[in-house]
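Letter by letter, the chains look like this.
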Amino acid sequence: MSDIARIKSLLRAIPDFPKKALVTNITHHLLSSGLPKIDVVVGLDARGFLLGPWIANRLGAAFVPVRKAGKLPGETTRVAYEKEYGTDYFEMQKDAIKPGQNAIVLDDLIATGGSAKAAGELIKSHGGKTLEYVFFVELTALKGVQQLDAPAYSLIQFDD
Ligand SMILES: O=P(O)(O)OC[C@H]1O[C@H](OP(=O)(O)OP(=O)(O)O)[C@H](O)[C@@H]1O
Ligand SMILES: Nc1ncnc2[nH]cnc12
């Protein structure tokens, strides 16, 4: 057996992980909830990068990464935000969003809401509009959605 064939033999597919029809559910929500045309899906470093581009592709939208400080090339806009365990910095490339564009923020999880709020501030500072904040999991006890300046949608709510 060749080395490549051996590596391939060690891989396996796990159907419907992490949740059956995850992307379909989110895309259906975004297309059926009366939102205007979404121009940009803004995904948050790092786990917002896993499904964000896929959802953007389904919507016919662009994908824009918001990254932790120092990771993006070129000119960037930076914003500080508070997390449960201290201050962090998010950046977006200066030409990533054009004035007047409609965006959604996408992340795997909302806890305190600090990360999503910071992304919303970056979108606003570039002249964009956040239509909705979208998460796979919401930790409801932390009330993070109360920090946000637009409606939030989550697939799964955890209250413990
Ligand atoms: O609502 P908040 O209190 O801001 O917390 C939510 C954020 O925390 C986690 O990411 P983390 O910053 O740990 O980074 P990682 O994705 O690189 O692990 C999670 O993926 C969210 O992005
Ligand atoms: N409180 C929390 N629990 C699980 N994942 C998290 N990511 C950020 N905050 C978190």
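All of these numbers come straight from a predicted model, not from anything done at the bench.

Here we take up the overall build of the protein chain. Scanning the protein chain from terminus to terminus reveals four helices and seven strands. Taking the principal axes of the C-alpha coordinates as reference, the protein chain spans close to 55 × 40 × 35 Å. In the protein chain, buried positions account for 40% of the 160 residues. Pairs at least 24 residues apart make up 58% of the contacts formed inside the protein chain by residues separated by at least 6 positions.

The environment of ligand 2 is made up of Glu84, Leu109, Ala111 and Leu139. Between ligand 2 and Glu84 there is a distance of 2.5 Å, counted from a nitrogen atom to a side-chain nitrogen or oxygen. Of the residues that constitute the shell around ligand 2, the class distribution is three nonpolar, no polar and one charged.

Orientation of helix H2 (residues 22-32) relative to helix H3 (residues 48-59), taken along the N-to-C sense of each, is 50 degrees, at an axis distance of 10 Å. Here H2 lies oblique to H3, going by the angle between them. Remark: the crossing between H2 and H3 carries right-handed chirality. Where H2 abuts H3, its residues Leu22, Val23, Thr24, Ile26, Thr27, Leu30 and Leu31 lie against Leu51, Trp54, Ile55, Arg58 and Leu59.

Scoring rules and cut-offs
Residues numbered from 1 in each chain as written. Chains lettered and ligands numbered in written order. Predicted model: local features only at pLDDT ≥ 70, side-chain atom pairs only at ≥ 80, totals over all residues. Heavy atoms only, no water. Helix = DSSP H or I, 4+ residues; strand = E, 2+ residues; numbered from the N terminus. Buried < 20%, exposed > 50% of the residue type's maximum accessible area, 1.4 Å probe, protein only. Contact = heavy atoms within 4.5 Å. Near = heavy atom within 4 Å. Polar contact = N/O pair within 3.5 Å; in protein donor to acceptor, adjacent residues only side chain to side chain. Nonpolar A, V, L, I, M, F, W, Y, C, P; charged D, E, K, R; others polar. Axes fitted to C-alpha atoms, helices over the stretch in contact; angles between N-to-C directions. Parallel < 35°, antiparallel > 145°, perpendicular 65-115°, else oblique. Left-handed = near helix turned anticlockwise from the far one by under 90°.

Read these as spatial facts, not as claims about activity.
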